Amino acid sequence: MSQMSQMSQMRLSLDQLTGTNRRAADILLGNDRGGYTVPSAKLYPFQWNWDSALVALGFSVFDSDRAWQEVESLLSAQWDNGMVPHIIFWKEEKSYFPGPEQWGTTDIAKTPPTSGITQPPVAATVIERLLAEDIDAHRDRAAKLLPKLDRWHQWFLDARDPDGRGVVAIMHPWESGRDNLPDWDRPLSFIDTTGVGTYHRRDTDIVNKDERPKNDDYDHYMALVRFGRDCNWNTDHIARNCPFWVAEPGMNAILRRAERDLINMATLLGQDDIAARATARLARLDAGFEQLWSETVGGYVTLDLRRDEHATGLTSGSWLAMFAGPVEPARATKMAATLTYWLSQVKHGVPSFDPNHELFDSIRYWRGPVWAMINWMIATGLIEHGETDLADRIRRDTQALIDQSDFREYFCPVTGRGGGGTDFSWTASMSLYWAARPETLPITPHLSQTGTADQENT
Ligand code: GLC
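Residues numbered from 1 in each chain as written. Predicted model: local features only at pLDDT ≥ 70, side-chain atom pairs only at ≥ 80, totals over all residues. Heavy atoms only, no water.

(A) Structural view of the site of the ligand. Neighbouring residues of the ligand: 13 residues in total, closest Asp51, Gly177, Asp179, Tyr365 and Trp366. Contact between the ligand and Gly177: an oxygen atom at 2.5 Å from a main-chain N or O atom of the residue. Note that an oxygen atom of the ligand is positioned 2.6 Å from one of the side-chain N or O atoms of Asp179. Within the complex, 96% of the 310 Å² of free accessible area of the ligand lies under protein. Grouping the amino acids of the shell around the ligand by side-chain chemistry returns 8 nonpolar, 2 polar and 3 charged. (Near = heavy atom within 4 Å. Polar contact = N/O pair within 3.5 Å; in protein donor to acceptor, adjacent residues only side chain to side chain. Areas by Shrake-Rupley, 256 points an atom, 1.4 Å probe, with all protein chains shown as cover. Nonpolar A, V, L, I, M, F, W, Y, C, P; charged D, E, K, R; others polar.)

Next up, the structure:
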């Protein structure tokens with residue numbers, strides 16, 4: 001735990017932050033709605049799951065109490081079945097679609113209403129870092145959250161992998177957090193959208209429509225929302241019958257990492273039963289992840305579980321395999337070489353989709369653009385596999401994009417132009433956290449749980 005305690009020496013006050021760092025902090029404060037933070041004031045006016053977790057890292061640089069509040073408010077919306085929802089509608093806000101009426105969760109969610117799906121469970125990794133800042137000071141707060149994380153992670157296996165394959169599915173593209181990835185095109189094509197009817201999208205009122213998912217994609221998204229609402233979000237029914245049932249590397253990698261970080265914390269805090277359960281889940285997920293490896297594509301790709309069919313392209317989620325845990329050296333070397341090649345094709349990495357693939361679209365949402373928080377996760381995994389130069393390139397690229405285009409939702413990898421929402425919380429958070437904590441990337445000793453990647457590489 002010595003690496004953990006070193007971090008406590010680096011706390012800063014708001015007044016000590018200057019330039020870009022101060023502006024990043026001001027964005028977080030401006031998007032703070034009192035205990036939770038909205039991703040971007042106009043486009044996303046509620047609390048989003050993985051945004052919120054990652055935003056806590058930024059707050060932790062100058063206000064650790066506020067950072068803890070962020071994850072506490074997120075986990076306070078946990079459903080009785082363990083799921084932590086992807087959106088929490090704390091306040092009524094008519095400008096957003098689809099809102100509580102479309103999700104139809106008011107009978108299931110605790111007050112306030114929420115969406116009916118989840119998002120990648122990066123919260124455990126974030127909480128591990130908040131705890132590491134000062135273990136003695138934060139022990140009690142963390143101890144209260146661990147049982148919630150444990151139940152949420154268990155929900156993933158129960159609800160999204162009931163057959164015990166060792167990979168968790170998503171039942172909606174939004175569950176992945178990478179909404180309109182080309183990976184979803186084919187699985188979505190089998191969905192009947194005839195009953196969707198007419199509706200008014202709100203996102204394209206605010207953002208240029210060339211940067212957002214197409215209307216046809218949206219019809220499919222709404223068909224799946226209706227499917228979930230019609231079965232009252234019954235997880236058994238969803239697992240057996242949902243027409244979209246896909247395992248993807250980003251979600252599975254983040255969950256594996258989350259289990260490792262949960263084991264770390266539970267062991268440290270003496271919650272041995274949680275550590276034991278997380279260890280058992282991790283063994284299943286580590287083994288199952290192999291199903292996502294495609295020899296044809298040369299990396300970890302999405303698997304359509306209804307058709308047992310791999311996607312044809314790598315995505316930014318593919319590199320998160322290194323964030324998940326140790327990747328065997330031959331594969332890690334191959335992945336680093338492919339990533340280096342990708343980076344030679346664009347001005348700034350990491351594109352969300354293979355820049356050499358015919359479906360690459362440099363500015364349309366998750367079909368090409370760069371996202372700061374994915375970059376941070378990729379770089380963290382690279383460092384843990386000894387790929388420090390590559391990680392540093394990604395860190396510098398992220399900052400260059402922000403310097404050029406400000407704290408936008410995402411960036412064009414070819415030109416550096418910003419896209420989507422403005423004054424975006426997780427972009428600000430990652431910039432600030434990365435600047436304040438550059439040397440602490442390999443914070444967790446958890447790779448030693450299954451042998452360290454560093455050792456394997458040397
Ligand atoms: C979009 C993103 C998703 C994010 C949300 C709020 O839906 O695809 O990952 O959580 O916006 O920022």
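What follows picks up the thread again.
(B) Broad picture of the sheet that holds strand 4 (residues 246-247). Spatial ordering of the open sheet is given by 3-4-7-8, a layout of 4 strands whose pairing is antiparallel. Pairing within the sheet leaves two strands with one partner each, and these edge strands are strand 3 (169-170) and strand 8 (309-310). Pairing geometry for strand 3 and strand 4, over 2 bridges, is antiparallel. From the neighbouring strand, Ile170 faces strand 4, where its bridge partner is Val246. (Pairing = 2+ DSSP bridges. Helix = DSSP H or I, 4+ residues; strand = E, 2+ residues; numbered from the N terminus.)

(C) The environment of Ser176, seen in detail. Secondary-structure assignment places Ser176 in the loop between strand 3 and helix 8 (185-189). On a C-alpha basis, the gap between Ser176 and Ser431 in space is 23 Å, while along the polypeptide they are 255 residues apart. With sequence-adjacent residues up to four places away left out, Ser176 is seen in contact with Trp50, Pro120, Ile170, Trp184 and Glu248. A distance of 2.7 Å separates a polar atom in the side chain of Ser176 from the backbone oxygen of Pro173. (Contact = heavy atoms within 4.5 Å.)

(D) Examining the pattern of salt bridges more closely. The final tally for this structure, using the stated rule, is 30 salt bridges. Residues Arg277 and Asp150 are paired through a salt bridge, measuring 2.6 Å at the closest nitrogen-oxygen approach. Of this pair, Arg277 sits in helix 13 (residues 272-288) while Asp150 sits in helix 7 (residues 135-160), and the two are 127 residues apart along the sequence. Note on Arg277: relative accessible area 38%, which makes it partly exposed. Overall, the relative accessible area of 5% leaves Asp150 in the buried class. Between Arg331 and Glu290 there is a salt bridge whose closest N-O contact spans 2.8 Å. Here Arg331, found in helix 15 (residues 329-345), pairs with Glu290, found in the loop between helix 13 and strand 5 (293-294); they are 41 residues apart in sequence, far enough to count as distant. Classification of Arg331 by relative accessible area gives buried; the value is 13%. It is possible to trace a salt-bridge network through shared partners that takes in Asp150, Glu259, Arg277 and Arg281. (Salt bridge = Lys/Arg side-chain N within 4 Å of Asp/Glu carboxyl O. Buried < 20%, exposed > 50% of the residue type's maximum accessible area, 1.4 Å probe, protein only.)

(E) Layout of the nonpolar core. The biggest cluster of nonpolar side chains holds 148 residues, and the ones touching the most others in it are Leu149, Met373 and Met377. Ranked by the residues each element gives to this core, the list is headed by helix 7, at 10 residues. Once you skip the residues sitting within four places of it in the chain, Met373 turns out to touch Trp50, Leu54, Trp366, Trp426 and Met430. (Core = buried A, V, L, I, M, F, W, Y, C linked by side-chain atoms within 4.5 Å.)

(F) Expanded view of the confidence of the model for the chain. Of all residues in the chain, 93% attain a pLDDT of 70 or more, and the chain-wide mean is 92. Overall, residues 441-458 carries pLDDT values under 50, and its contacts beyond four positions in sequence, including any with other chains, amount to 56 contacts. (pLDDT = per-residue confidence, 0-100.)

(G) Spotlight on helix 6 (residues 123-133). Counting buried residues in helix 6 gives 11 out of 11 residues, a clear majority hidden from the surface. Of all the residues in helix 6, the buried ones are Ala123, Ala124, Thr125, Val126, Ile127, Glu128, Arg129, Leu130, Leu131, Ala132 and Glu133.

(H) Examining the environment of Val327 more closely. Structurally, the position occupied by Val327 is in the loop between helix 14 (321-324) and helix 15. Between the C-alpha atoms of Val327 and His385, which are 58 residues apart in sequence, the distance is 7.9 Å.

(I) Quick peek at the UniProt feature "domain: Mannosylglycerate hydrolase MGH1-like glycoside hydrolase" (unreviewed entry) in the chain. Mapped onto the present numbering, the UniProt feature "domain: Mannosylglycerate hydrolase MGH1-like glycoside hydrolase" (unreviewed entry) falls on residues 44-427. As annotated, residues 44-427 has a helix share of 50% and a strand share of 5%, and its two end C-alpha atoms lie 14 Å apart. (UniProt positions renumbered as here; feature names shortened; annotations may be inferred.)

(J) The arrangement of the packing of helix 16 (residues 372-384) against helix 18 (residues 425-436) in detail. In contact at an axis separation of 8 Å, helix 16 and helix 18 are set at 35 degrees when each is read in the N-to-C sense. Here helix 16 contributes Ala372, Met373, Asn375, Trp376 and Ala379 to the contact with helix 18, which in turn contributes Trp426, Thr427, Met430, Tyr433 and Trp434. (Axes fitted to C-alpha atoms, helices over the stretch in contact; angles between N-to-C directions.)

(K) Quick look at the packing of aromatic side chains. Scanning the entire structure with this criterion turns up 30 aromatic pairs. Between Tyr218 and Tyr221 the ring centres are 5.5 Å apart and the planes differ by 65 degrees, which places this aromatic pair in the edge-to-face class. On the criterion of helical spacing, the pair formed by Tyr218 and Tyr221 is a turn pair, its members being 3 residues apart in helix 10 (residues 215-230). Comparing Tyr218 with Tyr221 shows no difference in burial state: the two are buried. The structure contains a cluster of three or more aromatic residues connected by ring pairs, namely Tyr44, Phe46, Trp48, Trp50, Phe89, Tyr96, Tyr365, Trp366, Trp371, Tyr410, Phe424 and Trp426. Positioned over the ring face of Phe289 is Arg256, at 4.5 Å from the centre of the ring. (Phe/Tyr/Trp six-rings, centres within 6.5 Å; stacked < 30°, edge-to-face > 60°. Lys NZ or Arg CZ within 6 Å of the ring centre and 35° of its normal.)

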